[in-house]
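Per-entry structural report
Given next are the chains, with one letter for each unit.
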Amino acid sequence: MKGIIISLIILGVIPAVYAQEFPEYGVKVETVADNLTIPWSIDWTPDDRVFFTERNGNLRVIEGGVLKEPLLTIGVGGVEGGLLGVAVDPNFEENNYIYLYYTYNEFLTTTNKVVRYVVSEDKITEDKVLIDGIPGGPFHDGGRIKFGPDGKLYITTGEAGIPDLSQDLNSLGGKILRINSDGTIPDDNPWNSEIYSIGHRNPQGIDWDSNGNLVATEHGPSGWRGAAHDEINVIMPGSNYGWPDIIGDETKPGLQNPILHTGDDTWAPSGAVFYYGDKIPQWNGKYFVATLRGNHLHMIEFDIENNKVVSDEKIFQGNFGRLRDVATGPDGYLYILTSNQDGRGSPQINDDRILRITPLNAINSFEDCFAAGFPIMESYPRQCRTGDGENFVEDIIIIPQWIQDSAILWSDDVISDETFVDGLQELVNYGVLENANPDSENKIPKWIKNSAKWWATGQIDNQTFVQSIQWMMDKEFLRVQR
Ligand SMILES: [Ca+2]
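Everything numeric here is computed off the predicted structure, so don't read it as measured data. (Residues numbered from 1 in each chain as written. Predicted model: local features only at pLDDT ≥ 70, side-chain atom pairs only at ≥ 80, totals over all residues.)

**Brief notes about the overall build of the protein chain**
Note the following rule: Secondary structure elements are taken from DSSP: a helix is a run of H or I of four residues or more, a strand is a run of E of two residues or more, and numbering for both begins at the N terminus. What counts as a contact is two residues whose backbone-derived C-beta atoms lie within 7 Å of each other.
Each helix and strand in the protein chain was counted, giving seven helices and 31 strands. Sequence separation of at least 24 residues holds for 50% of the intrachain contacts in the protein chain that already meet a minimum separation of 6.

Okay, here's the thing in structure tokens:
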């Protein structure tokens, strides 16, 4: 067996089904795709295709669980730049638009732009350049793009290694931008331009909580301005987040401090998401940050109204290496992208990978529910109810013990016909069987009573008696409710 597993690992087969369990968080992590090259960003179309970027210029698709050849390959520039963000239009079903953020070289300059594409079955065509001239460089190219709850496209940009750009309203560098999906400027932007907030160094993660608060991640400094002090900021339109004038807890009038900074620790935070999926209830409402240098997923609970962090925790520390993005799939699971092939990591054999986080003890059936120890209702058929109130009906024909007992008592003349009929009526009262014909009350046919008696005295088996009950259901004396 061991030999088989090793062979499968070499063939790269096993990771697709192999799940690593983390009982301390109640989740397991499985590989969705592997042998990728620096995956950077991920999004889903309503028809359940997974679109993701590889930094070296490939736009790739997973369809029906199968990773396909690149749909598009762009000749990208930059070092830390490349093909970065991808976003699917909220109205994709009508317009088939997707959006890409990428770095390109021209003459001696490096620049970033956001381009809209039209996707058909297996084809993609460039539709429109929405925004160009975002300063680029070997480092600090920003690159996250995401639609907000207001339907606008938000874009994070880096200062391209020139800190003063962050404070310059004539530059698109070191900013969070906000545009309409056709590239025009929304009427309510703070400076009558694409710029939404300023004073950022290299933000790479944005998401909104259920109240619409925008929270962004940002790489802290290295070099002349000190090190570490990565930031998490609550973004208000028209606000200045301080780079390069303040870092950490430093203050200056008119400049916003982060809700959380990492002090002397370095996470190198990238993609981020508020988790509101229905599959991992213990994580509901928490903010997850993919960290590169930090080699972990950071889990934060905010009290944004009071500008406070309730708790924060490093999870999966060192388990998957550098993490670039985190996102919730339409299936309600959390997905993370590794970044171990970017020259700064220690790639494992199948890196890079897209990983899916699912609950460790997902309860999807009566058997799961039973195994988890939730209460069983001895009805017909039996039912199991989870702590969340979800009810699973056993998928086999069995006769509840109390029916068997009452049938035996009835056949021994300990209880009357009427009492036994009342017993069957209890099935109706339990909501397992529904009395379909109001006139049928207490009109159990004689032969049913006889078969119950034979069954109770061992002359016919469970299956035959069940068939009798089934006959009543077929004739609509009784109706099963599920
Ligand atoms: Ca700042």
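Next comes the rest of the write-up.
**Points about the sheet that holds strand β17 (residues 214–218)**
In plain terms, the rule: A strand pair is defined by DSSP finding two or more bridges across the two strands.
The four strands lie next to each other as β16-β17-β18-β19, forming an open sheet whose pairing is antiparallel. The open sheet has two free edges, formed respectively by β16 (203–208) and β19 (260–261), since each of these has just one partner strand. Summarising the sheet, β16 and β17 pair through five bridges and their orientation is antiparallel. Paired with aspartate 207 across the strands is valine 215, a residue of β17.

**Quick look at the environment of glutamate 24**
As for its position among the elements, glutamate 24 is in the loop between β1 (19–22) and β2 (27–33). Once the C-alpha coordinates of glutamate 24 and leucine 360 are considered, the two residues, 336 residues apart in sequence, prove to be 9.9 Å apart.

**Topic: the sheet that holds strand β25 (residues 334–338)**
Hydrogen bonds between backbone atoms are what pair the strands of a sheet, whose relative direction is either parallel or antiparallel. Inclusion rule: All axes are obtained by fitting lines to C-alpha atoms, using only the stretch in contact for helices, and the reported angles, taken between N-to-C directions, cover 0 to 180 degrees.
The antiparallel open sheet is built from five strands, whose spatial order is β1-β2-β26-β25-β24. Strands at the two margins of the open sheet, each flanked by one partner only, are β1 and β24 (323–328). Each neighbouring strand pair of the sheet contributes to a mean axis angle of 25°, computed without reference to strand direction. In this sheet, strand β26 (residues 354–359) lies alongside β25 in antiparallel orientation, the contact comprising four bridges. Residue leucine 337 lies in a different strand from β26, and its bridge partner there is isoleucine 354.

**Thoughts on the nonpolar core**
Inclusion rule: Only buried residues count toward a nonpolar core: Ala, Val, Leu, Ile, Met, Phe, Trp, Tyr and Cys, linked into one set through C-beta atoms within 7 Å. Any residue whose C-beta has 12 or fewer other C-beta atoms within 10 Å is treated as exposed, any with 20 or more as buried, and any in between as partly exposed, C-beta atoms being built from the backbone.
Membership of the largest hydrophobic core comes to 74 residues, with the highest contact counts inside it found for Val326 and Ile336. When residues in this core are grouped by element, the largest group, six residues, is from strand β9 (residues 97–106). Look past the residues within four positions of isoleucine 336 in its chain and what remains in contact with it is Ala290, Leu297, Leu323, Asp325, Val326, Leu355 and Ile357.

**A look at unusual backbone geometry**
Following tryptophan 243, the chain continues to proline 244 via a peptide bond in cis, the omega torsion being 0°. Secondary-structure assignment places proline 244 in the loop between β18 (231–235) and β19. Between aspartate 351 and aspartate 352 the backbone carries a cis peptide bond, its omega angle lying at -5°. Within the secondary structure, aspartate 352 is located in the loop between β25 and β26. Non-glycine residue histidine 140 carries a positive phi angle of around 60°. Position of histidine 140 relative to the elements: it lies in the loop between β11 (124–135) and β12 (145–147). One non-glycine residue, asparagine 295, lies in positive phi territory at about 55°. Mapped onto the elements of the fold, asparagine 295 is located in the loop between β21 (287–291) and β22 (297–303). Looking at asparagine 295, the number of C-beta atoms within 10 Å reads 21, which means it is buried.

**Topic: the pairing of strand β14 (residues 176–179)**
Of the two faces of β14, the one carrying Ile176 and Arg178 and the one carrying Leu177 and Ile179 are both buried. The sheet contact formed by strand β13 (residues 153–156) and β14 spans four bridges and is antiparallel. Each residue of the ladder has a partner; that of leucine 153, found in β14, is isoleucine 179.

**Observations concerning the environment of tryptophan 455**
Tracing the backbone through its elements, the reader meets tryptophan 455 in helix α6 (residues 446–456). Through-space distance from the C-alpha of tryptophan 455 to that of phenylalanine 465 is 6.4 Å; in sequence the pair is 10 residues apart.

**Regarding the environment of isoleucine 185**
Tracing the chain through its elements places isoleucine 185 in the loop between β14 and β15 (195–197). Between the C-alpha atom of isoleucine 185 and that of lysine 152, which follows or precedes it by 33 residues, the distance is 9.6 Å. The contact partners of isoleucine 185, leaving out residues within four places of it in the chain, are Ile179, Ser193 and Glu194.

**A look at the pairing of β21**
Extensive coverage of β21 is indicated by the burial of five of its five residues. Of the two faces of β21, the one holding Tyr287, Val289 and Thr291 and the one holding Phe288 and Ala290 are both buried throughout. The sheet contact formed by strand β20 (residues 269–274) and β21 spans four bridges and is antiparallel. Bridging across to β21, valine 273 finds its partner in phenylalanine 288. Adjacent in sequence and paired antiparallel, β21 and β22 are bridged by five residues, among which asparagine 295 carries a positive phi angle near 55°.

**Examining the confidence of the model for the protein chain**
So the rule is basically this: pLDDT gives the predictor's per-residue confidence on a scale running from 0 to 100.
Chain-level statistics for the protein chain give a pLDDT mean of 86 and a share of 82% at 70 or above. Contacts of residues 1–17 to residues separated by more than four positions or lying in other chains number 11 contacts, the stretch itself having pLDDT below 50.

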